[in-house]
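# Remarks on the overall topology
Below are the chains, spelled out letter by letter.
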Amino acid sequence: MKRVVILISGRGSNMEAIVKACQAEGWPAEVAAVISNRPEAGGLAFAASHGIATAVVDHKAFASREDFDAELARVIDGFSPDLVVLAGFMRILTPGFTARYARRMLNIHPSLLPAFTGLHTHERALAMGCKLAGATVHFVTAELDHGAIVMQAAVPVLPGDDATTLAARVLTAEHRIYPQSVRWFVEGALVWDGEVVRHRDDAAQHLVLS
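Residues numbered from 1 in each chain as written. Predicted model: local features only at pLDDT ≥ 70, side-chain atom pairs only at ≥ 80, totals over all residues. Heavy atoms only, no water.

### Quick look at the nonpolar core
The following threshold applies: In these notes, a set of buried Ala, Val, Leu, Ile, Met, Phe, Trp, Tyr and Cys residues joined through side-chain atoms within 4.5 Å is what counts as a nonpolar core. Summary of the burial criterion: residues with accessible area below 20% of their type's maximum are buried, those above 50% are exposed, and those between are partly exposed, where the area comes from a 1.4 Å probe applied to protein chains only. Numbering of helices and strands starts at the N terminus; helices are DSSP runs of H or I of at least 4 residues and strands are runs of E of at least 2. Residue contacts are counted whenever heavy atoms from the two residues lie within 4.5 Å of one another.
Among the nonpolar cores identified, the biggest contains 46 residues, and Ile6, Val34, Tyr178 and Val182 are the most heavily contacted of them. Per-element accounting of this core gives the leading share, nine residues, to helix α6 (residues 163-186). What Tyr178 contacts, discounting residues up to four positions off in sequence, is Asn14, Ile18, Val85, Leu86, Ala87, Leu106, Asn107, Ile108 and Val137. Grouped together as the second largest cluster of nonpolar side chains are 21 residues, Ala32, Ala73, Val84 and Tyr101 included.

Put into structure tokens, the structure is as follows:
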């Protein structure tokens, strides 16, 4: 059984999707803990209600990013994870932290990377007149919103969309591809080809939603 630790900062809807899929689909894994940098994060209550250990490492209590990351790593390692999953975890991680979990830490970003790294992805996509938007699951590296892509989902940008409506459509896609990507990892289905990640059985690593 693989052990998964999920990091959140808010309500953790992607965390919820992963927990539910893991339990419903019988993955060879368990979500060992949910950790937040914000004590008020709504997702902590969901995790606790599902019998999952929770912890808080409040970033405001640390003088530097390095000190915070060191304590966060100590708490994470206490749960002996095979995989660390960032699910709306709103902290930029130091190179030392990302190196510690190299090739065993996933993130999801609400754009079709490498387009629109960083914040305000939906506003930027609309401003550029994009006809498709989407989300990307990728391994985490020291460079923000980079790293090998595991899976992507594309959704249409519709007439009259604003950032809120587009974000909601993308989030629906996120809830499909993030659990799938985590499942592939815990099942050992992801293989590295240099710096590219492929599915061992050539399963489609993309999803297009209407």
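### Points about the packing of helix α1 (residues 13-25) against α6
Heads up, the rule is: Under this scheme, a helix contributes an axis fitted over its contacting stretch, all axes are lines through C-alpha atoms, and angles between N-to-C directions fall in the 0 to 180 degree range. Should an angle lie under 35 degrees it is considered roughly parallel, over 145 roughly antiparallel, and from 65 to 115 roughly perpendicular; all remaining angles are considered oblique. Crossings are classed by handedness, with left-handed meaning an anticlockwise turn of the near helix from the far one by less than a right angle and right-handed meaning a clockwise turn. Polar here means any residue outside two lists: the nonpolar Ala, Val, Leu, Ile, Met, Phe, Trp, Tyr, Cys and Pro, and the charged Asp, Glu, Lys and Arg; Gly therefore counts as polar.
Packing of α1 against α6 leaves a shortest axis separation of 9 Å and a crossing angle of 50°. Taken together, α1 and α6 sit at an angle that is classed as oblique. Seen from above, α1 lies across α6 with right-handed handedness. The segment α1 lies against α6, with Ser13, Asn14, Ala17, Ile18, Ala21 and Glu25 engaging Leu171, Glu174, His175, Tyr178, Pro179, Val182 and Arg183. Taken together, the residues that form the contact of α1 with α6 break down as seven nonpolar, three polar and three charged.

### Comments concerning unusual backbone geometry
In the segment running from Leu113 into Pro114, the intervening peptide bond is cis, with an omega of 15°. The residue Pro114 is located in the loop between β5 (105-109) and α5 (121-127) in this model. Its identity as a non-glycine residue notwithstanding, Arg103 has a phi of 65°, on the positive side. Counting through the fold element by element, Arg103 comes out in the loop between α4 (95-100) and β5. A positive phi is found at Asp145, a non-glycine position, where the angle reads about 60°. As for its placement among the helices and strands, Asp145 is situated in the loop between β6 (132-139) and β7 (149-156).

### Points about the sheet that holds strand β3 (residues 53-56)
The criterion, for reference: Whether two strands pair comes down to DSSP finding at least two bridges between them.
A sheet is described by the order of its strands in space; here eight strands give the open sequence β3-β2-β1-β4-β5-β6-β7-β10, paired in mixed fashion. The two strands at the open ends of the sheet, each matched to only one other strand, are β3 and β10 (206-208). Neighbouring strand axes in the sheet, compared pairwise and without regard to direction, differ in orientation by 20° on average. In this structure, strand β1 (residues 2-8) lies alongside strand β4 (residues 83-86), joined through four bridges in parallel fashion. Paired with Leu7 across the bridge in β4 is Leu86. Packed onto the sheet, α6 meets β1, β2 (29-36), β4, β5, β6, β7 and β10 and runs at close to 155° relative to β7.

### Considering α1
Side chains of residues three or four places apart in an α-helix project in the same direction, reflecting 3.6 residues per turn. How we decide: Expected helix span is given by 1.5 Å per residue-to-residue step, counting one fewer step than there are residues.
Compared with the 18 Å implied by 1.5 Å per residue over 13 residues, the 18 Å span of α1 between its first and last C-alpha is a close match. Tucked into the core, α1 has its buried residues touching β1, β2, α2 (43-49), β4, β5 and α6. Immediately downstream of α1, the backbone of Gly26 shows phi near 65°, a positive value.

### Details of the pairing of β2
The test is simple: Orienting the strands away from the viewer, one traces the path from the first strand over the helix to the second; a clockwise path indicates a right-handed crossover.
The buried fraction of β2 amounts to seven of the eight residues, a majority that puts the element mostly inside the structure. Two elements, β1 and β2, share seven bridges in a ladder whose sense is parallel. Residue pairing across strands places Lys2 opposite Ala29, the latter belonging to β2. Once you follow β1 into α1 and on to β2, the crossover reads as right-handed. Here β2 runs beside β3; their pairing, made up of four bridges, is parallel. Looking across to β3, one finds that Ala33 is bridged to Ala53. Handedness of the β2-α2-β3 crossover: right-handed.

Read these as layout, nothing more, since geometry by itself doesn't imply function.
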